[in-house]
Structure formats: structure tokens, C-alpha cells
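A structural walkthrough
Chain residues, written in single-letter form:
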Amino acid sequence: MPADNAPHLIEAARRRHELTRSKAVQALRELEREGTAVTFESVAKAAGVSRSWLYGQPDLRAEIQRLREQTRSTDRPTVPPVQRATDASLRQRLEEATGRIRELRQENERLRRELAAALGEQRVQRPTGPPRRGSATIGPC
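Report follows, based on the coordinates. (Residues numbered from 1 in each chain as written. Predicted model: local features only at pLDDT ≥ 70, side-chain atom pairs only at ≥ 80, totals over all residues. Heavy atoms only, no water.)

On to the nonpolar core, then. Leu28, Val38, Val43, Leu54 and Ile64 are the most contacted members of the largest nonpolar core, which has 14 residues in total. Those elements that place two or more of their residues in this core are helix H1 (6-34), helix H2 (40-47) and helix H4 (58-73). Those residues in contact with Leu54, other than ones at most four positions away along the chain, are Ala24, Phe40, Val43, Ala44, Val49, Leu60, Arg61 and Ile64. (Core = buried A, V, L, I, M, F, W, Y, C linked by side-chain atoms within 4.5 Å. Buried < 20%, exposed > 50% of the residue type's maximum accessible area, 1.4 Å probe, protein only. Helix = DSSP H or I, 4+ residues; strand = E, 2+ residues; numbered from the N terminus. Contact = heavy atoms within 4.5 Å.)

Here is the structure:
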């Protein structure tokens, strides 16, 4: 192999290494954003790299371990950051729910009044004579 080809090979290896790192970092951030458990296996699978390669990258290994511990320390399932509600959105939802409850209470009260009026009309319209007897039993034909 000619010696003048070595710089090209070194540059190609450097580019391949940077591309692989970029895929691993992107996979790591995507898993974190989705709220998926961050493990060496999940990052390796998402990035298309080996777990041993990840262990050999000190900064990536430290970040994976940090995120893995973070997910282990929470007893409840984590909600991805993009799906977390803000205080303002929670207040708005509370105000909307309170308004809807008020509307339903008013409707409920209106329906109760209408039902009471309808039952009162039925009592007034009921015949006041003696109660009617049931149907007579007819014998065999």
C-alpha cells in the first residue's frame, strides 16, 4: 500500500467515527425526549452501533449512566419533556373545567325545574273520579 494513501484513510476513519458519534448522540437525545428508558442496549439499537463501542466512549457512557440512573430513581413512569404540562396550561384547563361545571349545574337546575313543572301538570290533568278497575278475566274459548 502506498504511503501517500495513509492521510486519506485516516481522514475517512475520522469521518466515520464522527458520523457514528453523531448517530449515537442523536439516538440518545431522541430516547430521552420520548421518555423511553435510556440503556446501553436501547441507545446501541437506536443508533445502529455496538454496546461495546458505547462503553468505549467516556462522555457517551457517562451520559447514558446518568440518564439510566435518573429513570431508575423515579418510581413513576416519566413523562417526556415535550408532553409535560406547564402551569399556564394547567390553569387554563382548570378554568375551562370550572366553567363547564358551572354550565352543567345550571342545566341540571333548569331540567329539575322543568321536570317538577311537568309532574305538576300531570297531577292536575289526572282524572279525579274513582279509580278504574283492571280488566276482567275472560274464561276459556
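Below, the discussion takes up H1. For H1, spanning 29 residues, the distance from its first C-alpha to its last is 42 Å, which sits close to the expected 42 Å at 1.5 Å a residue. All of the buried residues in H1 are Thr20, Arg21, Ala24, Ala27, Leu28 and Leu31. One or two residues past the end of H1 sits Gly35, with phi positive at roughly 80 degrees. (Expected span 1.5 Å × (residues − 1).)

Bringing the pattern of salt bridges into the picture now. With the rule as written, the count across this model stands at 10 salt bridges. With a shortest N-O distance of 2.8 Å, Arg66 and Glu63 are connected by a salt bridge. Here Arg66 pairs with Glu63, and both are found in helix H4, just three residues apart, close to one helical turn. On the accessibility criterion, Arg66 (43% relative accessible area) is partly exposed. Residue Glu63 is classed as buried on the basis of its relative accessible area, which comes to 17%. A salt bridge links Glu114 to Arg110; the nearest nitrogen and oxygen atoms lie 2.8 Å apart. (Salt bridge = Lys/Arg side-chain N within 4 Å of Asp/Glu carboxyl O.)

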